[in-house]
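# Fold and geometry: a report
Now for the letters of each chain:
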Amino acid sequence: TNLIEGFPLRFDSNQHIADMVALLGFYHLPTNYFQTYQATIAKVSNQDVTQAFNQYLNPTELLTIDVGTIRS
C-alpha cells in the first residue's frame, strides 16, 4: 500500500521528476513504466515476497546491529 499510494509523491518537484525520468534510462525501463507501476506492484502477493526473500536471503546468516545510546 505504501509503494502504491506514495508513488505520486515521487513527482512532487521538478528535481524529483527529473530523477524518476533518469531511472528510465539508467535501468532501461519501458516508456510506459510509470503508467503501469502501481498495477504491477498491486499484483505482487505476500507469497511472492516470501518466496523472493527465501530465494535471496538466508535468515540464519542475517545480522542485526543496534545503534544508540545505552541508558540506565
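Residues numbered from 1 in each chain as written. Predicted model: local features only at pLDDT ≥ 70, side-chain atom pairs only at ≥ 80, totals over all residues. Heavy atoms only, no water.

### Concerning the confidence of the model for the protein
In the predicted model, the protein carries a mean pLDDT of 91, and 100% of its residues have values of at least 70. Mean pLDDT across the secondary structure elements of the protein bottoms out at helix α1 (residues 2-6), with 91, and peaks at helix α3 (residues 33-42), with 95. (pLDDT = per-residue confidence, 0-100. Helix = DSSP H or I, 4+ residues; strand = E, 2+ residues; numbered from the N terminus.)

### Quick notes on the environment of I4
Within the secondary structure, I4 sits in helix α1. For I4, a relative accessible area of 24% corresponds to the partly exposed category. Counting along the chain gives 34 residues from I4 to Q38, while the straight-line C-alpha distance between them is 5.2 Å. Among residues more than four places away in sequence, those in contact with I4 are Q38, I41 and A42. (Buried < 20%, exposed > 50% of the residue type's maximum accessible area, 1.4 Å probe, protein only. Contact = heavy atoms within 4.5 Å.)

### Details of the packing of aromatic side chains
Applying the stated criterion to the full structure yields seven aromatic pairs. Look at F7 and F11: their rings are 5.3 Å apart centre to centre, the planes differ by 75 degrees, and that puts the pair in the edge-to-face class. Judged by relative accessible area, F7 falls into the buried class, the value being 5%. A relative accessible area of 28% places F11 in the partly exposed class. (Phe/Tyr/Trp six-rings, centres within 6.5 Å; stacked < 30°, edge-to-face > 60°.)

### Observations regarding the environment of L63
For L63, the location among the structural elements is in the segment after α4 (46-56). A C-alpha to C-alpha distance of 28 Å links L63 and I41, two positions 22 residues apart in sequence.

### Examining helix α2 (residues 14-26)
Here α2 contains 13 residues, and its C-alpha end-to-end distance of 18 Å stays within 8% of the 18 Å for a straight helix at 1.5 Å per residue. Phi turns positive one or two residues past the end of α2, at H28, with a value near 55 degrees. (Expected span 1.5 Å × (residues − 1).)

### Thoughts on the nonpolar core
Counting five residues, the largest nonpolar core is built from F7, M20, L24, F34 and Y37. Of all the elements in the fold, those that place two or more residues in this core are α2 and α3. Excluding residues within four positions of it along the chain, Y37 makes contact with L3, F7 and R10. (Core = buried A, V, L, I, M, F, W, Y, C linked by side-chain atoms within 4.5 Å.)

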